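Geometric and topological summary
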Amino acid sequence: MSHQPQSDRVIIFDTTLRDGEQSPGATLNVGEKLAIAHQLALLGVDVIEAGFAVSSPGDFEAVQAIAREVGGRPDSPIICSLARAVPKDIEAAAEALKPAAHPRIHVFLSTSDIHLEHQLRKSRAEVLALTGEMVAYAKGFVADVEFSPMDATRSEPAFLYQVLERAIAAGATTINIPDTVGYRTPKEIEALIQGVRQNVAGIDQVILSIHTQNDLGLATANALAAIESGVRQVECTINGIGERAGNAALEEVVMALHVRQAYFNPILGRPADHTEPLTRINPQELYRSSRMVSQATGMSVQPNKAIVGANAFAHESGIHQDGVLKHRETYEIMDAATIGLMENQIVLGKHSGRNAFRTRLQTLGFQLAEEELNRAFHRFKELADKKKDITDWDLEAIARDEVQADAEPSFRLEHVQVTCGDCTCPTATVTIVTPTGEILTEAAVGTGPVDAVYQVINRLVKIPNHLVEFAVQSVTEGIDALGTVTVRLRHEDRLFIGQASDTDIVVAAAFAYMNALNRLARSLPAAAPAALSA
Ligand code: KIV
């Protein structure tokens, strides 16, 4: 893959693993991040923002593992780490990115008066000086440095231009314009980008980029408006996840450029009928990427979500159905097959071997370690005994459970048994193994079987939490389907998501709860829960 700037195509910078992971509750472990990064590489993104290396040991480890395992080859995507304009952030990013063939450090510093006054407590002169110093410092580690003036769209344009000139003079190779609070409209974005292009010396020598948040639901429209004004890199996330209302959705930006290629071709200096795609994305991998991110983060995709929502290709009205049956294009501007949305095929059965299983998981984007593969294969065989037809979606659910299993010591659910029914008091007996290896068993009654199980787990784990969401979804059709349970817990002001699948939804509920509690436990400082040291 060439990493030279090109003005006649759009560079896709994916920040699912950095800004996307800032979605409340969506923390991912290193295994999950690696699986998503492998899928992003398969999807064909140009840049993977793998994390914010200095922010936690887990983030550092994830950036490093992605740099090594996904970014280590000459044809790998660029691997990027975010860094504040602070030496220790830049050093951590540089260290974590060492194994990458194409490392990028992304330095950011606020430029709006509201941020300078209330958050940074710095003068404009200090911000200007710091921009030059820290971009130059990052440049001492890597050739590829991106600079973002945070809250650019609420900054005074004249000051913004000065900061950008300073960043370019210090060696920035990409200049990114963040609409940090999702405040601007497409026309305003166009005017700002034109202003930057006309007033910043050296801007034509670097890649101009846009980062749009979705607070007013305008992220994709703003990203496309920026492309129309000359931007050639778009920062986006799978399913549009991210801080608050999220970011521009990768699949929306990419499919807009794909479906409306004849419109965008001349904007990028090509003849209208040019057929070479405007991005390097393989649209066939879009649907799979969406499912993987949704499963790993526990953030469901709304049914009416553009491109990847369950209803995106469904027709309810009789007139529409009639039209589509007669000629698909009467009511469809794209074919579901283009984004890899096929019929949910039966892929494996009871007699399928380990090799076929491993190969299918690899095709689905899961690279499981030997131990994980063994456990997953065992679960597949158990499932095949209960359920006749095993589909890709069942396999995804099994692989997801393995990938999210903690590498670090954690609470493990050993056994769960429930008695329930009408005229019975729902009672659960649960056995867990603590991170220190102790085996604990308790029983409790509850208002229902799930309540009883959760009461016991809470007594054993002893981490205060409040269950804010509990949802069950069937993975496939049919009464023998796997059920996926998603739970969301609140601890103090933070949310933690857990997910698990099983043909028995009470068992899935127990595992999902354990999964969320382990995420919560990992986030706790030294004050470990009582059972950790028990
Ligand atoms: O929203 C924002 O400003 C960001 C920058 C770090 C690009 O995420």
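Residues numbered from 1 in each chain as written. Predicted model: local features only at pLDDT ≥ 70, side-chain atom pairs only at ≥ 80, totals over all residues. Heavy atoms only, no water.

Focus on the domain arrangement of the chain
Much of the literature gives interface size as the accessible area that the parts lose upon coming together. Segmenting the chain into domains produces domain 1 (11–297), domain 2 (346–403) and domain 3 (412–533). Contact residues are listed per partner, giving eleven residues for domain 1 and eight residues for domain 3. Of the roughly 650 Å² buried at the junction of domain 1 and domain 3 (both faces included), carbon and sulfur atoms supply 36%. Three residues stand out in domain 1 for area buried against domain 3, namely Pro-24, Gly-25 and Thr-27, and they jointly supply 54% of the buried area on that side. Viewed at the interface, domain 3 and domain 1 are joined by one salt bridge. (Domains from an automatic or database assignment. Contact = heavy atoms within 4.5 Å. Buried area = accessible area lost by both parts, 1.4 Å probe. Salt bridge = Lys/Arg side-chain N within 4 Å of Asp/Glu carboxyl O.)

So, the pairing of strand β4 (residues 103–110)
Extensive coverage of β4 is indicated by the burial of seven of its eight residues. Strand direction decides the pairing type here: strand β3 (residues 78–84) and β4, joined by six bridges, are parallel. The residue of β4 that forms the bridge with Ala-83 is Val-107. This β-α-β element, β3 to helix α3 (residues 87–96) to β4, shows right-handed connectivity. (Buried < 20%, exposed > 50% of the residue type's maximum accessible area, 1.4 Å probe, protein only. Helix = DSSP H or I, 4+ residues; strand = E, 2+ residues; numbered from the N terminus. Pairing = 2+ DSSP bridges. Right-handed = clockwise from strand over helix to strand, strands pointing away.)

A short note on helix α2 (residues 57–69)
Over its 13 residues, α2 runs 18 Å from end to end, which matches the ideal 18 Å to within 8%, given 1.5 Å per residue. Among the residues of α2, those classed as buried are Asp-59, Ala-62, Val-63, Ala-65, Ile-66 and Ala-67. (Expected span 1.5 Å × (residues − 1).)

Some details on the sheet that holds strand β15 (residues 483–491)
An order of β14-β15-β16 is seen for the three strands of this open sheet, with the pairing classed as antiparallel. In this open sheet, the two strands that pair with only one neighbour each are β14 (466–474) and β16 (494–502). Along the sheet, successive strands turn relative to each other by an average axial angle of 15 degrees, direction set aside. Sheet strands touched by helix α15 (residues 392–403): β15 and β16. Its angle to β16, the strand with the most contacts, is close to 130 degrees. (Axes fitted to C-alpha atoms, helices over the stretch in contact; angles between N-to-C directions.)

Concerning the packing of aromatic side chains
The geometry of an aromatic ring pair is captured by the separation of the ring centres together with the interplanar angle, meaning the angle of the planes. Counting across every chain of the model gives eight aromatic pairs. With 6.2 Å between their ring centres and 70 degrees between their planes, Phe-52 and Phe-108 make a pair best called edge-to-face. Remark: Phe-108 occurs in strand β4 and Phe-52 occurs in the loop between β2 (47–51) and α2; sequence separation between them is 56 residues. Across the pair, exposure class does not vary: Phe-52 and Phe-108 are buried alike. Geometrically, the ring pair formed by Phe-357 and Phe-380 is stacked, given 5.0 Å between the ring centres and 25 degrees between the ring planes. (Phe/Tyr/Trp six-rings, centres within 6.5 Å; stacked < 30°, edge-to-face > 60°.)

Regarding the pattern of salt bridges
Throughout the structure, instances matching the rule amount to 34 salt bridges. A salt bridge links Asp-144 to Arg-104, with the nearest nitrogen and oxygen atoms 3.0 Å apart. Here the residue Asp-144 occupies a position in strand β5 (residues 144–150), and Arg-104 occupies one in strand β4, the gap between them amounting to 40 residues. What makes Asp-144 buried here is its relative accessible area of 16%. Where Arg-375 meets Glu-402, a salt bridge forms, and the shortest distance between an N and an O atom there is 2.8 Å. One end of the pair, Arg-375, is in helix α14 (residues 370–386); the other, Glu-402, is in helix α15, with 27 residues separating them in the sequence. Glu-402 sits in the buried class, given a relative accessible area of 8%. Here the residues in one salt-bridge network are Arg-9, Asp-46 and Arg-280, joined through shared partners.

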